[in-house]
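Take a look at the letters that make up each chain.
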Amino acid sequence: MAQTTLDNITKVFTEDDGNEIVAVDGVSIDIDDGEFLVLVGPSGCGKSTTLRMIAGLESISSGDIRLGDRVINDVPAKNRDIAMVFQSYALYPHMTVRENMSFGLEESTDMADDEIARRVEETAEMMGIADLLDRKPGELSGGQQQRVALGRAIVRDPSVFLMDEPLSNLDAKLRAEMRTELQRLQEELDTTTVYVTHDQTEAMTMGDRVAILDDGRLQQVGTPLECYHRPANRFVAGFVGEPSMNFVETTLRDEPGGAVLEADSFDYPIADEIAAELPESSNPVLGIRPEDIEISEGAPSGEHEIAATIDVIEPMGDENIVYLQFGDDSSVRGKSIIATIDGMRRFESGQTVTVHVPESAIHLFDGASGEALHNRRLDAADSQVPRL
Amino acid sequence: MTDETVSAGRTVADERLSDRFDLTRVGLYAALVGLTIFYLIPVQSGFVTSIKTSEALINTQPFAPPGPDGATVEKWAFAFDALSRGLVNSLVFTVPATILCAVLGSMAAYGLTLVDWRGQVAVFVLFIAGIFIPYQSVVIPLTQFWSQYAMLDHRLGLVLSSHQATLLELIITHTAYGIPICTMLFRSQYKTMSWEMIEAARLDGASVSRIYRRIVLPLSIPMFAVVFIFQFTQIWNEFLFSLTLIGSVNDPAASTTLILSGLGEALEGVDYPLRMAGALITALPTLIVYLLFADKFAEGVRV
Amino acid sequence: MKRLVAFLRTVRTERRVRTDGGTADERSTAGRWRDSDFLQSAPFWGPPLVLMGLFVYGAIGWNFLLSLTDHSGFGRPDYTDLGLQNYWAMIQDPSIWEATRNTVVLLVVFTLACLAVGLVLAILLDREIRFGRTFRTVYLLPFALSFIVTAQFWRWMYNVNDGIINQFFGLFGLGPYNWLGDPRLVLGAVIFALVWQFSGYTMVIYLAALRSIPTAQYEAARVDGAGTFRMYRRVIVPQLRPAIVSATVVLVLFALKAFDFLYAVFDGYRPRQGSDILATKMMREGFNNSEWAYSSAIGLTLFVLSLAVIAPYLYTQYKRGNL
C-alpha cells in the first residue's frame, strides 16, 4: 500500500441560518504506509472531522485526499478499503459477535462463506474473543465490546485503520491495558492507522507520529519527542506535557552586558546566540517545563536564579507539584508558575525559595503569533524521557 | 409505567402525614375504582343489554344482568349473521393495508432519518402534516377519483369482481392515509438509533438498501409490532372511507362499521339489544388486540 | 541530534503549502450525483411520498378546484367556469354560522375537558399503586374502540326512558332529560361522550411526560416541604407544557373533523338540531344533498382551519429541532 496523503483539505459546514463554520482548515499530512499517526487536539479542533473525511463519511470542501497517486475524494466510503473503530463501538446489537465480524466481509467482498468463517475465527483467536463469538453485544462488558469492535475492523484486513477515540469509554485501568495492546496489534499487522484522541497521553505513548490540531488548523506533525522538545508554537508547547509548560511574558532589552528578557518580577539574561534568534525589540514569551525548574533553599545567587514563594504543594507520591509566586513577598499575587520536584524533598507552603530556570531548557515564542523562536538545547533533551 | 420512577419520591413522605396516609390511600383507590366504573359502564351496560330478552329489557335495570330466564343469545346470533360479511370484508382490507402502511412508513422513515441529505426535514414535514389533515377536505375528490377516473371494477373487471375492486380501493386508500402516522412512529425510533452504527455498516461496505435490510429492519421489529397494533385498530375502526367509498350498507363490500351503523333499523325504533350485540361483535377484534397488547397500543398513541 | 535534523526536514515538508490541488473540475460530477445519499435513499421515501402526496395534497388541490365549480348532482364537474361563489354562499348561509358556533363550542369545551380529565387521571396513576397498569388499560380502552361502536353504547346510556344517565339524575329527583333530542342538551351530551372516549389519550400523553421528569425533582419538592397538590402545581405541571401543546393540537384537529360519532348517534347525516358542526354539515351537503362544490368549499375551509393549527405547531417543533 502506498502512502495516504491529505493535501490541503478543508471542511466548511454551512449551518441552517447560512453561517459558515470552518471545521478543518487546509490540513496537509503525509501518512506513511504502516505508520501509526495520532490526530490530537482539544475538542472541536477538527480532528474527528479530518478522520471522517479520510473515511469518506464527510465530503471534502476543498483539497485532496490521495491513496498513492489516486485522488479518492469522490470514492464512496465503502470502496476506500478502510475500517473504522468508533467511540461507541457501533456494534450491531441484533447480531452475534460472529455475525458482527462477518458482516463487512460479506458486504464488501465475494469471499466464500467458509473462508469468511475461517478468517473471523482466526481474528477472534488473536483478539482473545473466540469464546464470545456466539454472544450478542448486549451480553458483553465494555472491554469485550471494545475488542469485538477492533476485531471487526481487523478481520477485514483493510489498508487503513481509522480509530475515533476508541478507548475513551473504558475505565482508566482497562484503557492503559488496551493502549499497549493496540500498539502491539498495530505493530504486528503493520497496517496504516490514523487514531483520533483528545488525550495527549494516548497521543504521546501510542503514535509513531503525532499531528496536533487546534481550531481546524494543523499545528505540528512530528514524533512525540519532537513535539515535546521542539514544539512549533506556543499552543503545541502548552498542549503536550503534563503539567503544562509555564509561560512568562517578557520584553527583550539590550543591555551593555548582553540581552535581557524583562518580566514583571525578574530579569532573565540570555546568551547572544539565543538573542540572535529573536527579532529586535520583540515581546517573546518565555516557556519552561515544570520538570526543568530547579528549586533550592537560600537566596538567589546565580545568573538565572529568581526568588519565589511557595503557594501550594500537591504531593503526588513520587513527586511534588509546587505552585510558586515570583518574588519573596507572598502578599503579592501574580500568575503562579508550576514546578515538579522529587517526592522526597520537603518544602512548606509560604516558604521563600530560589528558583533556577536553566537557560538550556528555555523555549521562546513570538508574543503575537506564538511561533517558536527558540527551542531548548537538544543534547540534553535527547536522553530525556518526556513527562506526560 | 411511571410507577417505578416516582416511587422513590414517595419515600420522603413527611412523618406527620403517616397517620393520614392510609386515609389518602383509601381515597386514591376509591377514586380509581370510581373512574373504572365510569369508563367501563357504557361497555358493561351494553353487554348485559345485548343478552336480554325483550321482557328482561323492560323489567331490569340497564346495568343489571338479566335473570336466567331473561337471558338469550338470540341477538348475538342475529347480529353476527348480519355482520359476518362485514367482518370478513373489514379483515380483508384492514390486514393488507396495515402491513403496507407499516412497510412503506418504515421505508420512508429510514430514507428520511438514517440517510443524511439536505432538505429531508422539509419532506418529512409533508408527511407529518398528512397525519392531521381532516378527511373532509379530501373525501369528495377521493370518491370521484375512484368512481369516475380509476374505475377499478371496470378496468380490472376480468380479474376482480366489483366488490373485490371496492376492497382494493379501500386497501389503497387506507394505505395512503396511514403512511404519515407510520412514518412518524418509525422515525421516532430511528432517531434514537446509533448514527455511528449506520456509518460502521457503510464502511463495512453495505449499500443504503443493504443497511436497511440487514441492520435497520431487524432492529425495527418492536416498532413494527407497535405500528401493526395501532394501525390495525385505526383502520378497523375507521368509518368515513367505508361510508363514502362503499356507499351502501347492502353493498357486498360493506365493512363491519358500516353495517353496524345501520344495524336493525326499523320504523318502530332502535333494537338496543341487537345494536349492543353488534357493537360488541364489531369491537371484538380491536378489543382482543388492545387487551393483549395494551402497552404497545399506548406506545403507538404516545408518539 | 541526527533525528532532529531529520525531523526539522519533515516538518518543513509537512508544512509546505501545496499548490497543486486544483483538480476539482476534472472529477465527474455525474458519478458523485449517482452515489449521493439523496438518490440512494429516494427509492425508500419516494414511493410512500408519491402515494401519500397524491392522496393527501393532490386531493386537497383537486378539492380546491372543485370548490370553485358549481358541481352538484350526478355527472362530472365543469372546470371551465371557476369562481368563489361557494365561499360567498357559505358566508350567507345561516346554517354554516350555526355549525361554526357549534364547532367552536365543541372544540373549546372538548379540548379543555380532555386536558383536565386526562391530567387528573395521569396524576392519580403517576405513583406506586397496585394494578396501576390495569387502571391505565381501562381508562384508555374507549380510545381503542370505533366511534360507531361507542356511539351505540352512548345512545343506550342517553336513552330517555331506560338510560343509565337519566337513572342517575333520577336519584336526585331530576329529569328525565332527552339528552340527544333537546337542542340545549345535545351538544353537551355529545361532548361528554367524546371526553369519555378521548381522556385516556391525554392521560397517556401526560404519563409519558411525567415519566421523563427526574425523580430527584419530586424529592427536592418534598424536601422543600411542598404538599402533593402544591408539588404538582408548582413543579410538575409547568413541565408538562410540551405534552399539553401536542395533545391540544391532536384534540383540536380531531374536533374539527369529528363526524363518525355524530353520524352513528343520529343514524345519518343529519345531527339533531343544536349539534350540527362543520364536519357533519360538509358531509351532508355532499353525500346527502349532492351539493359537491358547496361541500368541497366547506371541506377546504376545514383544511385551512386545521392548517392554522398545524403550521405554527410544526414550525415551533422544527425550530426546537423536534422533527
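The rules behind each value
Residues numbered from 1 in each chain as written. Chains lettered and ligands numbered in written order. Predicted model: local features only at pLDDT ≥ 70, side-chain atom pairs only at ≥ 80, totals over all residues. Heavy atoms only, no water. Patch = residues over 30% accessible without salt bridge, like charges linked within 9 Å, V, L, I, M, F, W, Y side chains within 5 Å. Areas by Shrake-Rupley, 256 points an atom, 1.4 Å probe, with all protein chains shown as cover. Salt bridge = Lys/Arg side-chain N within 4 Å of Asp/Glu carboxyl O. Helix = DSSP H or I, 4+ residues; strand = E, 2+ residues; numbered from the N terminus. Buried < 20%, exposed > 50% of the residue type's maximum accessible area, 1.4 Å probe, protein only. Contact = heavy atoms within 4.5 Å. Nonpolar A, V, L, I, M, F, W, Y, C, P; charged D, E, K, R; others polar. pLDDT = per-residue confidence, 0-100. Core = buried A, V, L, I, M, F, W, Y, C linked by side-chain atoms within 4.5 Å. Domains from an automatic or database assignment. Buried area = accessible area lost by both parts, 1.4 Å probe. Polar contact = N/O pair within 3.5 Å; in protein donor to acceptor, adjacent residues only side chain to side chain.

Undergrad: Tell me about a nonpolar patch on the surface, residues and numbers included.
TA: All names here are of chain B. Among the surface-exposed residues, L91, V95, I99, V103 and F228 lie close enough to one another that they form a single nonpolar patch of about 360 Å² accessible area. For the nonpolar patch, the leading source of residues is helix α4 (residues 74-113), giving 4 residues. Its place among the elements puts V103 in helix α4. Accessibility expressed as a relative area gives 34% for V103, which makes it partly exposed.

Undergrad: Got a sec to walk through the interface of chain C and chain B? Specific residues and values, please.
TA: Contacts between the two partners involve 103 residues from chain C, matched on the other side by 107 residues from chain B. Counting across the interface, chain C meets chain B through 4 salt bridges. Residues R136 of chain C and D295 of chain B are paired through a salt bridge, measuring 2.3 Å at the closest nitrogen-oxygen approach. For the side of chain C that touches chain B, a count of residues per class yields 67 nonpolar, 20 polar and 16 charged.

Undergrad: Tell me about the confidence of the model for chain B, and please be specific about residues and values.
TA: Residues and elements named next belong to chain B. The pLDDT averaged across chain B works out to 86; a share of 92% of its residues lies at or above 70. Taken together, the stretch residues 1-19 has pLDDT below 50 and engages in 35 contacts with residues farther than four places along the chain or on a different chain. Predicted as a complex, the structure gets a pTM of 0.85 and an ipTM equal to 0.87.

Undergrad: Give a detailed account of the nonpolar core, specifying residues and quantitative values.
TA: Judged by nonpolar contacts, the single largest core of 241 residues is most densely connected at I29 of chain A, Y110 of chain B together with F110 and Y139 of chain C. Those residues in contact with F110 of chain C that sit more than four places away from it in its chain are V105, I191, L194, V195, F198, L251, F254 and A255 of chain C. Within the second largest apolar cluster, 42 residues are counted, among which are V120, L133, C227 and V240 of chain A.

Undergrad: Can you lay out the domain arrangement of chain B for me, pointing to particular residues and giving the numbers?
TA: Residues and elements named next belong to chain B. Taken domain by domain, chain B consists of domain 1 (3-59) and domain 2 (74-302). Taking the mean C-alpha position of each, domain 1 and domain 2 sit 34 Å from one another. At the junction of the two partners, domain 1 supplies 8 residues and domain 2 supplies 7 residues. Across the interface of domain 1 and domain 2, roughly 560 Å² is buried in total on both sides, 77% from carbon and sulfur atoms. Run the count over domain 1 and domain 2 and you get 0 salt bridges. Joining domain 1 to domain 2, the criterion identifies 1 residue pair in polar contact (both at pLDDT 80 or more).

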